[in-house]
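Residues per chain, in single letters:
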Amino acid sequence: MKEETEFYLPIGLTDSKGTLHRKGVMRAVTAEDELELQESDGVQFNDRQRDLELLARLIISLGSLPQVGPDSLMELYEADFLYLQMLFNSVNSGAKPRFRCPSCGAQNDLDVPTLFKTKDTEETKTECGFSLPQGSGLKPEIGTKVKGKMQMSRCKDYITLYRDERARRSASWYYVGLLTRSVKKLGAEKAINTGVISKLTPRDFSFLVDLFNELNNGVVRSIKSPCSCGSDIRVELSLPGEA
Ligand SMILES: [Zn+2]
């Protein structure tokens, strides 16, 4: 008998017909899963791809999608992927993140599978606007400020990026790659490529890196959870892979 857990994605997958799929079922991992993934190593998986292939085996259903495979999971937003990794850890280790209520002092457990069952009424924003602190060297659209737009990144962005050796070796190139894919507008620049992103001033660059992390990780990093005393608490979680 395999243990199965119902879960809810923080954002969800929207299919080509515009239907949103958030509710799913994940089963526990077995030694066989790990072994079979090792055998298919010839495909030259990177770590991301391996995690994705493993999740695709374990997710039995997602909304009304006819089947869940690596291809459909590639379209997941990064926030959903981070959540699925958190869920994987919770399903397979049984560990629950704990937090202390600042009002009454009680210790509470967070239930990862139902963390996003009832979402905030406001929809999660999958893109945001920004205004660069300096904007030197870029053409502003009007006025003096360089404004732009950033989109949440998806699983496939990371998988293609992990194939780039330069990005694997250097954190700066890694973020240049991510920002090139997620910044959709930057002043009056016609194309946003690595050339444009790598010419940003250090201050503008770190501003965009912070914004990127907030946009993509904020959803699963900072969670509102009720305590039995009635207070609503903001819980800060550490993400998978973080110390
Ligand atoms: Zn409390």
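Rules of the game
Counting restarts for each chain: residues are numbered from 1 in the order of the written sequence. The predicted nature of this model means local features are confined to residues of pLDDT at least 70 and side-chain atom pairs, given and counted, to a pLDDT of 80 or more, with totals for whole chains, interfaces and linings taken over all residues. For side-chain calculations, the full set of non-hydrogen atoms in the structure is used, while hydrogens and water are omitted. Put simply, the grid is 1 Å and covers the protein atoms alone, a cavity is a trapped set of points that fit a 1.4 Å probe, a pocket is an open set with protein on both sides within 12 Å along at least five of seven lines, and lining residues have an atom within 4 Å of a point. Grid points are joined across faces, edges and corners, and a volume is the space filled by probe spheres set on the points. Each helix is a run of H or I in the DSSP string that is no shorter than four residues. Each strand is a run of E no shorter than two, and both are numbered from the N terminus. The residue classification treats Ala, Val, Leu, Ile, Met, Phe, Trp, Tyr, Cys and Pro as nonpolar and Asp, Glu, Lys and Arg as charged. All others, Gly included, are polar. At least two bridges found by DSSP between two strands are what make those strands a pair. Here an axis means a line fitted to C-alpha atoms, over the contact stretch when the element is a helix, while the angle between two N-to-C directions is reported on a 0 to 180 degree scale. Only protein chains enter the calculation, and the probe is 1.4 Å; a residue is then buried if its accessible area is under 20% of its type maximum, exposed if over 50%, and partly exposed in between. Note on terminology: angles under 35 degrees are roughly parallel, angles over 145 are roughly antiparallel, angles of 65 to 115 are roughly perpendicular, and the others are oblique. Take the far helix as your reference; a near helix turned counterclockwise from it by less than a right angle gives a left-handed crossing, and one turned clockwise gives a right-handed crossing. Residue contacts follow a heavy-atom distance rule, with two residues in contact if any of their heavy atoms lie within 4.5 Å.

S.K.: For this particular structure, what's the right way to read the layout of surface pockets?
M.R.: The rolling of a water-molecule-sized probe over the atoms marks out the regions of remaining empty space. Within this model, the second largest pocket holds a volume of roughly 530 Å³. Elements with a minimum of two residues in the lining of the second largest pocket: helix 2 (47-58), helix 4 (78-93), helix 7 (171-182) and helix 9 (202-221). Top element by residues in the lining of the second largest pocket is helix 4. It accounts for six residues. Classifying every residue of the lining of the second largest pocket gives 13 nonpolar, six polar and six charged.

S.K.: Would you explain the sheet that holds strand 7 (residues 147-151) in this entry?
M.R.: Backbone-to-backbone hydrogen bonds join strands into a sheet, with any given pair of strands oriented parallel or antiparallel. Strands sit in the order 6-7-8 across an open sheet of three strands; the sheet is antiparallel. Strand pairing shows two members of the sheet lacking a second neighbour, strand 6 (127-131) and strand 8 (183-186), which therefore form its edges. Along the sheet, successive strands turn relative to each other by an average axial angle of 15°, direction set aside. Relative to strand 8, strand 7 runs antiparallel, the two sharing three bridges. Note on strand 8: the bridge partner recorded for Met-150 is Val-183.

S.K.: For this particular structure, what's the right way to read the pairing of strand 10 (residues 232-236)?
M.R.: Each regular strand shows side chains that alternate between the opposite faces of the sheet. In strand 10, alternate side chains face the same way, and those of Ile-233 and Val-235 are buried while those of Asp-232, Arg-234 and Glu-236 on the opposite face are not. Direction of pairing for strand 9 (residues 222-226) relative to strand 10: antiparallel, over a ladder of five bridges. In the sheet register, Ser-225 faces strand 10, and the bridge partner there is Ile-233.

S.K.: Before we go on, may I ask you to explain the packing of helix 1 (residues 31-39) against helix 2 in this structure?
M.R.: Pairs of packed helices are described in terms of their axes, by the angle between the two and the distance that separates them. With their axes 11 Å apart at the nearest point, helix 1 and helix 2 run at an angle of 135° to one another. Judged by the angle between their axes, helix 1 and helix 2 are oblique. Seen from above, helix 1 lies across helix 2 with right-handed handedness. Residues Asp-33, Glu-36 and Leu-37 of helix 1 pack against Arg-50, Glu-53, Leu-54, Arg-57 and Leu-58 of helix 2. For the contact of helix 1 with helix 2, the class distribution of residues is three nonpolar, no polar and five charged.

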